[in-house]
Every structure is written in structure tokens, then in C-alpha cells.
Amino acid sequence: NASYYVDNNLEVTENLFWTLGGRYDHPTGFSDKKTWRTTLSYLVEPVNSRIHGSYGTSFKAPSLYNLAFTPNLKHQEGEGWDLGVEVTLFEEKVIVDVTAFGYNIDDKITWDPTAPSPGAYVNEGYKSEGVESSIIWKIQPDLTFRGNYTYTAATSDVWDEPLYTPEHQASVSLTWKTLDDKLDLKGSVLYVGERIAEYGSTEQSPDYATVNLAAQY
């Protein structure tokens, strides 16, 4: 296998930034593939905001391990996009971002244990769209709160619902820097909503939350 990548970062105007990148893959056993990605970011200084977006394509060839189970497995190709607005408030103490996104993957490589023993990899059509929102609040110079919420609507042409894709997911964290920024104390909570977690199942696994406490010196 061989791959080549090129990336350009351009400042189009004082407030407009553009990136454009491309990749060329020469995978063994498959035809050559070209993928690319571009991003735009525009600063709206009068209202302390930034409009940002991106679009890109993707390619993934089956690994030797995948092909050992399913010799005729196809490669997967996809595309993804996002478009959002970031707003800075209260003298840069609060940053809020809301971003819409979407992914469309043809022939996604996924494991199917319901196939005859010992199971097999299959190709599925996968599509998801959603909205992600986040907030960063610098309560004090040494104390920062972060929050994030993601809504995802996903579909699959193989399963009733894609695996491990919760409709709702959220997290919050609080970080305190002390001892002249030598010690970081952090507490966080992650919430994951109901989702399909077993192949061939139509039952939702229950939602759950985890609490993490960490210190770094």
C-alpha cells in the first residue's frame, strides 16, 4: 500500500481562512482512490463570532484480517460535512458553539456475528445527521467549566438501527488549576443515551452515566 497527502492553509482575507487538502491511496488489491477535505472559517468581529464549516470524502480498504473472514468484502467510501457558529461572550469568558453535521458511508465495514460461524464482516450503508452544541465557561482564571451535548439520528440498511450510536449524548466537566498551574484537578460526568448494543437485536440498551475524577501534576 502507498499513500500521498497534500494540505494547504490560506488566509484569503483578514477574516477568512480556507484549508484544502487531498490524499491519494494506492491500496493493494483495489483501484486507486482520491479523497479530499476543505474547511472555511470566517470571523465576524463586530459580534465576536466565527462561522465555520467543512466538507470531505473518505476511503477505507478492508484489512487482511477483514478479508480472512469475508474474502469478497468491498472497500468503504464516504462523505461528511459540518456547519456551525461559535460565539464569544462576556469579555471572552464564555464560548458557545452550535454545529450541524452529517455523514454518509457506502459499504461501511462492520462485523456480523449472526452470520454462520465464526461470523463475518459485511458492508452496510450508513447515514447520520445531527447537531452538536458546546460551551466553555472560564469562571475564574484557574477554574473552567465545559459542557457538550450531541443529538444524532442514524440509519443503516443492514440493521434496524446502527450499533453503538446513541441518539443523545452529553458531558460536563470542571477543571481547577492550582499550585501555579502545576496541579490540575478535574471532575467530569458522561451521559450516553439508549442505543442498540447487540447485533441483530431490536432492543435498546439502557442509558448510563459515568463519573470521573482525575489529578495531574
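Calculation criteria
- Residues numbered from 1 in each chain as written.
- Predicted model: local features only at pLDDT ≥ 70, side-chain atom pairs only at ≥ 80, totals over all residues.
- Heavy atoms only, no water.
- Patch = residues over 30% accessible without salt bridge, like charges linked within 9 Å, V, L, I, M, F, W, Y side chains within 5 Å.
- Areas by Shrake-Rupley, 256 points an atom, 1.4 Å probe, with all protein chains shown as cover.
- Salt bridge = Lys/Arg side-chain N within 4 Å of Asp/Glu carboxyl O.
- Helix = DSSP H or I, 4+ residues; strand = E, 2+ residues; numbered from the N terminus.
- Buried < 20%, exposed > 50% of the residue type's maximum accessible area, 1.4 Å probe, protein only.
- Pairing = 2+ DSSP bridges.
- Axes fitted to C-alpha atoms, helices over the stretch in contact; angles between N-to-C directions.
- Polar contact = N/O pair within 3.5 Å; in protein donor to acceptor, adjacent residues only side chain to side chain.
- Contact = heavy atoms within 4.5 Å.

Participant: Is there a simple way to explain a nonpolar patch on the surface in this structure?
Facilitator: Together, Tyr42, Ile51, Trp81, Leu83 and Val85 make up a nonpolar patch on the protein surface, roughly 450 Å² of accessible area in all. Counting residues per element, the nonpolar patch draws most heavily on strand S5 (residues 76-89), which supplies three residues. Mapped onto the elements, Val85 comes out in strand S5. With relative accessibility at 39%, the residue Val85 sits in the partly exposed group.

Participant: Would you explain the pairing of strand S3 (residues 33-44) in this entry?
Facilitator: Each regular strand shows side chains that alternate between the opposite faces of the sheet. Strand direction decides the pairing type here: strand S2 (residues 16-26) and S3, joined by 10 bridges, are antiparallel. Pairing of Gly21 across the sheet is with Arg37, part of S3. Following S2, the chain reverses through six residues before pairing antiparallel with S3; Gly29 in that reversal takes a positive phi of roughly 90°. Bridge count for S3 against strand S4 (residues 49-60) is eight bridges, and the pairing is antiparallel. If you follow Ser41 over to S4, its bridge partner there is His52. Turn length for the S3-S4 hairpin, with the two strands adjacent in sequence and antiparallel, is four residues, and the turn residue Asn48 shows positive phi of about 50°.

Participant: Could you clarify how one ought to interpret the sheet that holds S5 in this entry?
Facilitator: Strands belonging to one sheet form pairs held by backbone hydrogen bonds; the direction of such a pair is parallel or antiparallel. What the 11 strands build is an open sheet, ordered S1-S2-S3-S4-S5-S6-S7-S8-S9-S10-S11; its pairing is antiparallel. Here the strands that pair on one side only, and so sit at the sheet edges, are strand S1 (2-11) and strand S11 (208-216). Within the sheet, the average angular offset between the axes of one strand and its neighbour, ignoring direction, is 10°. With 12 bridges joining them, S4 and S5 adopt antiparallel strand pairing. Looking at the pairing, Arg50 lines up with Glu86 of S5.

Participant: How should the side chain of His52 be read in this particular structure?
Facilitator: In this fold, His52 is placed in strand S4. At 2.8 Å, the side chain of His52 forms a polar contact with the side chain of Asp97. With residues up to four places along the chain from it excluded, the contact list for His52 reads Leu40, Ser41, Asp82, Leu83, Gly84, Val85, Glu86, Asp97 and Thr99.

What is shown is where atoms sit, not what they do.
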